[in-house]
Amino acid sequence: MKKLPARMILCLPVILLVLTACVTSPPKRLDARFGNALDMAKAQQTANPDASLDTAPVRGVDGQAGDAMIDNYRESYINRPAPARGALDVGTSGGSSGGTSR
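Our subject in this report is the structure included herewith. Sequence order sets the numbering: in each chain, residues are counted from 1 along the sequence as written. With pLDDT at 70 or above as the cut-off, local features in this predicted model cover only qualifying residues; side-chain atom pairs require 80 or more to be listed or tallied, and sums for whole chains, interfaces and linings still use all residues. Excluded from the side-chain calculations are hydrogens and water; all other atoms, namely the structure's heavy atoms, are used.

1. Comments concerning the overall build of the protein
Item 1. Every helix listed is a DSSP run of H or I at least four residues long, and every strand listed is a run of E at least two residues long, numbered separately from the N terminus. For the protein, the helix and strand inventory stands at 3 helices and 0 strands.
Item 2. For the protein, the α and β elements follow one another from N to C terminus as α-α-α.
Item 3. Relative to its full complement of 102 residues, the protein shows a buried share of 0%. Whether a residue is buried, partly exposed or exposed follows from its accessible area with a 1.4 Å probe, protein chains only, as a fraction of its type maximum: under 20%, in between, or over 50%, in that order.

2. Concerning helix 1 (residues 6–21)
Item 1. Here helix 1 spans 24 Å end to end across 16 residues, near enough to the 22 Å set by a 1.5 Å rise per residue.
Item 2. Axes are fitted to the seven residues ending at a residue and to the seven starting at it; the angle between these axes is taken as the bend at that residue. Along its length, helix 1 reaches its greatest deviation from straightness, about 30°, at leucine 12, and the proline proline 13 lies no more than four positions downstream.
Item 3. With 0 of 16 residues buried, helix 1 lies mostly on the surface of the structure. Take the number of residues in a helix, subtract one, and multiply by 1.5 Å to get its expected span.

3. A closer look at a nonpolar patch on the surface
Item 1. Where nonpolar side chains cluster on the molecular surface, the patch consists of Leu12, Ile15, Leu16 and Leu19 and spans about 400 Å² of accessible area.
Item 2. Under the relative-accessibility criterion, leucine 16 is labelled partly exposed at 49%. Patch criteria: residues need more than 30% relative accessible area and no salt bridge. Like-charged residues are merged within 9 Å; nonpolar side chains of Val, Leu, Ile, Met, Phe, Trp and Tyr are merged within 5 Å. Here the Shrake-Rupley method, with its probe set to 1.4 Å, supplies the accessible areas, and only the displayed protein chains count as covering residues. Each salt bridge in this description consists of a side-chain nitrogen of Lys or Arg and a carboxyl oxygen of Asp or Glu lying within 4 Å of one another.

Here it is, written out as structure tokens:
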């Protein structure tokens, strides 16, 4: 079995002491309103809380059209078209400055 170097053995307590200096004690008592913001945000984002109880089929886009829309959406991130350049080219790169080079 290989022995640890003496420097490592001497530095280990110092390292442990430094690491424990960063530890803080957890709060003993949480705020009475802890978690209310999350619960309120979830409630506000739920359009119909009883939607899972409705067994009627969903009306709208058929399966083939929906599949085509998803495919087009995914491809729009893969094959991005070049940005259109028009008369108002403010703050974009790729043009000549018209000045002389130094």
